[in-house]
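This is what each chain is made of:
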Amino acid sequence: DFVTADLVIVGSGFFGLTIAEQAATELGLKVVVLDRRHHIGGNAYSEKEEQTGIEVHRYGAHLFHTSNERVWEYVNRFTSFTNYVHKVYGVHKGEVYSLPINLATINQFFRANLTPGQAKDLIQEQAGELAGTDPQNLNDKGIQLIGRPLYEAFIKHYTGKQWQTDPKDLPAGIISRLPVRYNYDNRYFNDKYEGLPTNGYTAWIEKMAEHPNIEVRLNTDFFDESHEYSKNKVVGNIPVVYTGPVDRYFDYAEGDLSWRTIDFEEEVLDVGDFQGTSVVNYNDEDVAYTRVIEPRHFHPEREYQTEKTIIMREFSRFAEKGDEPYYPINTSADRDRLLKYRDLAAGEKDVLFGGRLGTYKYLDMHMAIGSALTMFDNKIRPHFEAGADIESGGVDA
Ligand code: FAD
Ligand code: UDP
């Protein structure tokens, strides 16, 4: 029990635990990590499903991938990784296609036998409809990138379901990264390193928190005044790294930031294998869910000995207060509010804001870890080693 911690961290996700681990190991600080949930790990938490023994990612499928050498070296201190390579299939009009859109998808869709060059010409011709324009919405951008037929089959309705918004009202930026491959490569990620933690996410996360100088307090909300590390008692007295929602920290003074959440409909089935792969997207409008996850396929090397399997259907919707905030929606009203919160955050003495909720940014795990390592180097270490000011911590720190 560190009655006087050197550093208080709000949130035991990858951002918070990376800071905690570095502060304890590198600087010998006493660190208290608070989390309002009953478990550590934030959204990366996983556990064995009871009936099947299959590892389930409780807040949605988490695939680890990175090209960042420093992050890869760092995460390998806590876990090894399997050689899992992520692939996704998509159902359109009763047929299964390979995703992301690649030469197999194109040839199947057009019932053709095109070479890479011929496929490129065809897509260019189809995209010609909006050539030379500068589309500002996702719908037009999609048509300009891949042509109307492929866009309408694989992107339009999936995106509409996922964002619960007509693609004509979504910013073009969401799919400016939409990959189309003119070969048969159907790896979902392009990163240099990819894999799943061999013994699961929770074993990895627990290892990060193992240092005797780190105390994790679960079921503890920073804003609940009934414990000694509450906001009012700590801020101004002990440096804080806050990884909860930035709008909540300031009591929503500038308005609510908008988020998407997901409802997971979980089902244990009496078949050994439901869909033969880990993720199947449903690209058409008539199916209400966006995709079906079958976690047993994340770990083929475990050879789970069960004739049952578990699946999750994902339904996307706007998050209300009380829902788990998952994806920042980033409307223009959100961006205006975020700027105001950044100003407020910059003026908050000895409090640094980080992570996905604290910065209102979609961060993959490797990005959250990378950004925490940078915050440690640039803010935490200089403060504790040389007395440098910690005040300037805006949300972008
Ligand atoms: P979080 O994991 O959200 O941790 C924040 C923690 O703060 C939470 O545990 C929360 O309970 C706690 N907290 C909040 N408020 C308070 C409070 N008032 N008091 C105490 N504690 C509080 N990344 C990938 O790399 N690959 C993927 O495939 C992938 N899939 C994802 C799928 C989904 C559905 C989601 C939501 C995210 C996915 N991510 C994925 C992103 C990954 O989850 C994040 O990068 C990672 O969780 C970021 O960690 P974090 O520490 O910033 O936030
Ligand atoms: N997308 C799509 N069809 C698909 C898969 C993805 O239109 O079959 C679009 C959709 O707009 C989605 C974005 O690509 O929001 C990113 O999807 P991905 O599954 O890579 O991201 P995640 O939702 O897992 O963060």
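It should be noted that the structure appears before, not after, this text.
Residues numbered from 1 in each chain as written. Chains lettered and ligands numbered in written order. Predicted model: local features only at pLDDT ≥ 70, side-chain atom pairs only at ≥ 80, totals over all residues. Heavy atoms only, no water.

Caption draft 1: Representation of the overall build of the chain. A count of helical and extended segments in the chain gives 12 helices and 16 strands. If one aligns the C-alpha atoms of the chain with their principal axes, the spans along those axes are about 70 × 55 × 35 Å. With 397 residues in all, the chain has 54% of them scored as buried. The long-range fraction of contacts in the chain, counting pairs at least 24 apart against all pairs at least 6 apart in sequence, stands at 72%. Surface exposure of the chain reaches about 17800 Å², of which carbon and sulfur atoms provide 46%. Separation between the mean location of the 42 positive side-chain charges and that of the 62 negative ones in the chain comes to 2 Å. (Helix = DSSP H or I, 4+ residues; strand = E, 2+ residues; numbered from the N terminus. Buried < 20%, exposed > 50% of the residue type's maximum accessible area, 1.4 Å probe, protein only. Contact = heavy atoms within 4.5 Å. Areas by Shrake-Rupley, 256 points an atom, 1.4 Å probe, with all protein chains shown as cover. Lys, Arg positive; Asp, Glu negative; His and termini not counted. Charge placed at Lys NZ, Arg CZ, Asp CG, Glu CD.)

Caption draft 2: Structural detail: the packing of helix α1 (residues 14-27) against helix α12 (residues 365-386). Across the interface, α1 lies against α12 with an axial gap of 8 Å and an inter-helix angle of 40 degrees. When the axis of α1 is compared with that of α12, the two are oblique. As for how α1 packs across α12, the hand of that crossing is right-handed. Each of F14, F15, T18, I19, Q22, A23, E26 and L27 in α1 lies in contact with α12, whose residues at this interface are M365, A368, I369, S371, A372, L373, M375, F376, I380, R381, F384 and E385. Looking at the contact of α1 with α12 residue by residue, the class counts come to 14 nonpolar, 3 polar and 3 charged. (Axes fitted to C-alpha atoms, helices over the stretch in contact; angles between N-to-C directions. Parallel < 35°, antiparallel > 145°, perpendicular 65-115°, else oblique. Left-handed = near helix turned anticlockwise from the far one by under 90°. Nonpolar A, V, L, I, M, F, W, Y, C, P; charged D, E, K, R; others polar.)

Caption draft 3: Fine view of the packing of helix α5 (residues 138-146) against helix α6 (residues 148-163). Packing of α5 against α6 leaves a shortest axis separation of 8 Å and a crossing angle of 145 degrees. The two elements α5 and α6 cross, and the hand of that crossing is right-handed. Contact residues: L138, N139, G142, I143 and I146 in α5; R148, L150, Y151, I155, K156 and T159 in α6. Along the lines of polarity and charge, the residues of the contact of α5 with α6 split into 6 nonpolar, 3 polar and 2 charged.

Caption draft 4: Broad picture of the pattern of salt bridges. One pass over the structure, following the stated rule, counts 26 salt bridges. Of the charged contacts in the structure, one is a salt bridge between R111 and E95, with a shortest N-O distance of 2.6 Å. In this pair, R111 sits in the loop between α3 (103-109) and α4 (116-127) while E95 sits in strand β7 (residues 95-99), placing the two residues 16 residues apart along the sequence. In this structure, the salt-bridge partner of D256 is K321, at a minimum N-O distance of 3.1 Å. Taken together, the residues span a long stretch of sequence, with D256 in the loop between α9 (246-249) and β11 (259-269) and K321 in the loop between β14 (309-318) and β15 (327-328) at a distance of 65 residues. Because the salt bridges share partners, they merge into one network encompassing E26, R381 and E385. (Salt bridge = Lys/Arg side-chain N within 4 Å of Asp/Glu carboxyl O.)

Caption draft 5: Region of the structure containing the sheet that holds β14. What the 7 strands build is an open sheet, ordered β7-β6-β12-β13-β14-β11-β15; its pairing is mixed. Edge strands, defined here as strands with exactly one partner in the open sheet, are β7 and β15. Bridging between strand β6 (residues 88-92) and strand β12 (residues 279-282) involves 3 bridges; their strand directions are parallel. Paired with Y89 across the bridge in β12 is V280. (Pairing = 2+ DSSP bridges.)

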